[in-house]
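Close look at the chain arrangement
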There are 2 protein chains.
Amino acid sequence: MEFGRNTGSPLWRQIRDDIAGQIRSGQVAPGERLPTEFSFAEQYSVNRHTVRQAIADLVEMNLVRVEQGRGTFAREPMLDYPLSDSTRFSDIALAKNCCPAGILLDHGDEQADRRIADALTVPLGAPVIRVELAGEVDGHRVFVSTAYFPQDRCQGIVSHFQQSGSVTKALAAVGIVEYKRKTTRVQARLPTPTDARVLKQERYRPVLVTESINVDAEGSPVEFGITRFASDWIAITVET
Amino acid sequence: MEFGRNTGSPLWRQIRDDIAGQIRSGQVAPGERLPTEFSFAEQYSVNRHTVRQAIADLVEMNLVRVEQGRGTFAREPMLDYPLSDSTRFSDIALAKNCCPAGILLDHGDEQADRRIADALTVPLGAPVIRVELAGEVDGHRVFVSTAYFPQDRCQGIVSHFQQSGSVTKALAAVGIVEYKRKTTRVQARLPTPTDARVLKQERYRPVLVTESINVDAEGSPVEFGITRFASDWIAITVET
DNA sequence: ACCGATTTGTTCGTATGTATA
DNA sequence: ATATACATACGAACAAATCGG
C-alpha cells in the first residue's frame with residue numbers, strides 16, 4: 001500500500017500510520033515534540049484538517065499527547081503506582097529515576113463528617129487536620145490528594161511536612177514511625193473543575209481516585225487519604 | 001437558614017440541599033425515580049433551569065443519576081469489586097445478594113500481538129482465543145471484558161463457556177482447575193464508542209480498566225484479560 | 001505588564017465520492 | 001433510479017494558549 005490519493009485507504013489514516021511508525025520505531029523519542037500540524041500538512045501536501053484527524057486518532061491510540069499553544073508530543077510511558085501496604089509517593093520515582101516533588105497546596109482544621117469519622121474511627125465532629133497536596137514528576141502534575149489526620153495524635157504535622165516535604169517524615173515527627181496502607185478503594189471519575197485546574201488537565205479527562213486508610217503499628221487509623229491521579233500519567237498496579 | 005429568595009444563599013443550592021437531604025435520610029430509596037424537573041420547578045416555584053442546576057450538582061455529588069427521556073434516579077450504592085488473587089465476577093454478587101449474569105458477546109481466533117504475547121509469555125503471532133464478555137448485575141451492564149487464552153491449552157473453551165456461563169468452569173473443563181490473579185494494572189479512560197454502547201453509558205463517563213494476568217498452579221499464564229468497568233457502578237477495593 | 005509570533009482549537013462553508021434506504 | 005446520509009478532504013477565519021523579548 002503506497003502513499004497517495006485513490007489508494008483505497010483515506011489519506012488521514014495513511015498519515016496516522018506513518019507517524020505511528022516513526023514513534024514506535026523510536027525515530028521520535030518519548031516526550032519529544034513532533035513537527036507542527038502546518039509543517040505536517042506541507043510535508044504530506046494535505047490540508048491541516050487532514051493532519052489533525054490523523055493526530056486525533058494518535059491521541060486516541062495513546063501514542064501522542066497534544067498541548068494547545070505548545071505542540072504535539074510523543075507519549076512518555078505511563079508511570080506505575082504500585083499499590084502495596086507500604087508504598088509512598090516517592091516509590092513512583094524510584095522505578096523511573098525521575099524527580100518527584102510534593103507540593104503543599106492548602107491545609108486547615110476541620111470537623112470530621114460521617115465519612116471521615118468512619119474511616120478514622122473517631123466520633124462525628126471530632127477535630128481533624130486537612131492537608132491538600134499535589135505531586136509532580138518531571139514537571140507534570142500527576143496527582144492531587146486530600147488527607148485527613150486525627151488532630152489529637154497529629155498536632156503540628158503541617159509544619160513538619162513543610163520542613164521535610166514528606167508525609168512519612170511528618171508522621172514520624174509526631175511519633176508515628178510506622179504506618180501501613182490497610183484498605184484502598186479505586187474509582188474512576190471526571191475531575192471537579194478545581195481538580196482539573198490543579199492537575200492542569202482537561203475537564204473531560206478522567207481521574208483515578210483512591211480512597212485509602214493508613215493505620216499505625218497497632219492497627220488504629222492515622223490517615224484517611226483521597227487521591228486523584230491524572231489518568232493520562234498514572235496506572236495503579238496490584239501484585240497479589 | 002430558611003427557604004426562599006434573598007436568604008443569602010442561591011435558590012438552586014437550597015433546592016439541591018433539600019433533595020440531597022431527602023435522599024440521604026432515605027425518604028427516597030436508592031434506585032427510585034425522583035419527581036420530574038417540571039414538577040420540582042412547580043413545587044419550589046422556580047424555573048426549570050434552577051432545578052436543573054441543582055440536579056447537575058447532585059450528579060456531580062454522585063447522589064443521583066440522570067437518564068435522558070426516563071428521569072432522574074437516586075443512586076444505588078456502588079458495587080465493590082474486591083481485587084484478591086482469587087476473585088471471580090460472581091463474588092460481586094455475593095456481597096450484595098443480587099443476580100449477576102455473564103453474557104458472551106463475541107469470540108474468535110487471533111494471533112498474539114506484542115502485548116498479548118508478553119502477557120501470556122507465548123511467541124509473537126502465536127494462536128490465541130479471544131472472548132468478549134459482558135457482565136450484568138440487576139439488569140445493569142457493569143463491565144465488558146476481553147480475554148485472551150493460549151490456544152494450545154484452551155482448545156474448545158468457548159463452547160464450554162457457552163454451556164456453563166462461567167470462565168472458571170470453562171477453564172476447568174479444559175483441565176485448568178486452579179488459577180490465580182497474578183498482576184493487575186488499573187487505569188481510568190474514556191470508553192471507546194463500542195464500549196460505551198455495550199455498557200449503555202454516555203461517551204464521556206469514564207471506565208475503570210483492569211489488565212490482569214491469571215496463572216495456573218505452576219505459575220504459567222492461562223488468561224490475559226482487559227476488563228472495562230462502568231465507573232458509575234463499580235469501585236475496586238484492595239485489602240493489603 | 002505587555003506585545004507579537006507561534007501553535008493548537010473551533011467553527012463556519014464548500015465539494016465529492018460512497019454506501020444505504 | 002432517486003434521495004439521503006455519511007465519510008473524506010479542502011479553505012478561511014478567528015479564538016485561545018504559550019513563549020520569548
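Let me sum up the structure you'll find in this document.

About the cut-offs
- Residues numbered from 1 in each chain as written.
- Chains lettered and ligands numbered in written order.
- Predicted model: local features only at pLDDT ≥ 70, side-chain atom pairs only at ≥ 80, totals over all residues.
- Heavy atoms only, no water.
- Axes fitted to C-alpha atoms, helices over the stretch in contact; angles between N-to-C directions.
- Helix = DSSP H or I, 4+ residues; strand = E, 2+ residues; numbered from the N terminus.
- Parallel < 35°, antiparallel > 145°, perpendicular 65-115°, else oblique.
- Left-handed = near helix turned anticlockwise from the far one by under 90°.
- Contact = heavy atoms within 4.5 Å.
- Nonpolar A, V, L, I, M, F, W, Y, C, P; charged D, E, K, R; others polar.
- Near = heavy atom within 4 Å.
- Polar contact = N/O pair within 3.5 Å; in protein donor to acceptor, adjacent residues only side chain to side chain.
- Buried area = accessible area lost by both parts, 1.4 Å probe.
- Salt bridge = Lys/Arg side-chain N within 4 Å of Asp/Glu carboxyl O.
- Least-squares fit on C-alpha atoms with pLDDT ≥ 70 in both.
- Buried < 20%, exposed > 50% of the residue type's maximum accessible area, 1.4 Å probe, protein only.
- Pairing = 2+ DSSP bridges.

**Here we look at the packing of helix α2 (residues 37-44) of chain B against helix α3 (residues 48-60) of chain B**
All names here are of chain B. Following both chains from N to C, one finds α2 and α3 inclined at 110 degrees, their axes separated by 8 Å at the closest point. By the angle between their directions, the pair α2 and α3 is classed as roughly perpendicular. The two elements α2 and α3 meet at a crossing, and its hand is right-handed. Contact residues: α2 offers E37, F38, F40 and A41, while α3 offers R48, V51, R52 and I55. Considered class by class, the residues forming the contact of α2 with α3 number 5 nonpolar, no polar and 3 charged.

**Examining the protein's contact with DNA strand D**
Residues and elements named next belong to chain A. R5, L11, H49, T50 and R70 are the nearest of the 13 residues found near DNA strand D. At a separation of 2.9 Å, a phosphate oxygen of DNA strand D approaches a polar backbone atom of N47. Residue H49 places a side-chain N or O atom 2.9 Å away from a base oxygen belonging to DNA strand D. Within the residue set of the surface near DNA strand D, elements represented by two or more residues are α1 (11-24) and α3 (48-60). Of the residues belonging to the surface near DNA strand D, the class tally is 4 nonpolar, 6 polar and 3 charged.

**Looking at the protein's contact with DNA strand C**
All names here are of chain A. All residues in the neighbourhood of DNA strand C are listed as R33, T36, E37, R48, H49, R52, V66, E67, Q68, G69, G71 and T72. Among the atoms of DNA strand C close to the protein, meaning within 4 Å, 63% are from sugar or phosphate groups. At a separation of 3.0 Å, a phosphate oxygen of DNA strand C approaches a polar backbone atom of E37. Between DNA strand C and G69, the relevant distance is 3.4 Å, taken from a sugar or linking oxygen to a main-chain nitrogen or oxygen of the residue.

**A short note on the interface of chain A and chain B**
Between chain A and chain B, the residue contacts involve 31 residues of the former and 29 residues of the latter. Surface buried jointly by chain A and chain B totals about 2300 Å² across both partners, of which 53% is contributed by carbon and sulfur atoms. The interface formed by chain A and chain B includes 2 salt bridges. In this structure, the salt-bridge partner of D80 of chain A is R185 of chain B, at a minimum N-O distance of 2.9 Å. At the boundary of chain A and chain B, one finds 12 residue pairs in polar contact (both at pLDDT 80 or more). Where the side of chain A that touches chain B is concerned, the elements lending two or more residues are β7 (179-189), β8 (207-216) and β10 (234-239) of chain A.

**What about the side chain of D232 of chain B?**
Residue and element names in this part refer to chain B. Of note, D232 is situated in the loop between β9 (221-230) and β10 (234-239). For D232, the side chain forms a polar contact with the side chain of R205, separated by 2.6 Å. When neighbours within four sequence positions are excluded, D232 is seen to be in contact with R75, M78 and R205.

**Concerning the relation of the copies chain A and chain B**
Expressed as a screw transformation, the operator carrying chain A onto chain B has a rotation angle of 179 degrees and an axial translation of 0.3 Å, and the superposed copies differ by an RMSD of 0.4 Å. Expressed as an axis order, the relation between the two copies is that of a two-fold axis. Of the interface residues in chain A, 94% have counterparts in chain B that sit at the interface too, so the contact is made through matching surfaces.

**Observations concerning the pattern of salt bridges**
With the rule as written, the count across this model stands at 30 salt bridges over all chains. When the shortest N-O distance is used, the salt bridge between R130 of chain B and E132 of chain B registers 3.1 Å. Taken as a pair, R130 of chain B and E132 of chain B share a single burial class, namely buried. Salt-bridge contacts for D195 of chain B lead to R228 of chain B; the nearest nitrogen and oxygen are separated by 2.9 Å. Taken together, the positions of D195 of chain B in helix α8 (residues 193-198) and R228 of chain B in strand β9 put the pair 33 residues apart, joining distant regions of the chain. For the pair shown, D195 of chain B and R228 of chain B are each scored as buried. Several salt bridges converge on common partners, so that one network encompasses R65, E67, R70 and E76 of chain A.

**Description of unusual backbone geometry**
Although it is not a glycine, T121 of chain A adopts a positive phi angle of roughly 50 degrees. Relative to the assigned elements, T121 of chain A resides in the loop between α5 (114-120) and β5 (127-137).

**So, the side chain of E132 of chain B**
Residue and element names in this part refer to chain B. Along the chain, E132 turns up in strand β5 (residues 127-137). Here R130 takes part through its side chain, which lies 3.1 Å from a polar atom of the side chain of E132. Not counting residues within four places of it along the chain, the set of residues in contact with E132 comprises I103, L104, L105, D106, S145, T146 and R228.

**Things to note about the pairing of β5 of chain A**
Residue and element names in this part refer to chain A. Counting buried positions along β5 yields 10 of 11 residues, so the element is predominantly enclosed. Of the pairings in the sheet, the one linking β5 to strand β6 (residues 140-150) comprises 10 bridges and is antiparallel in character. Looking at β6, one finds that E136 is bridged to R141.

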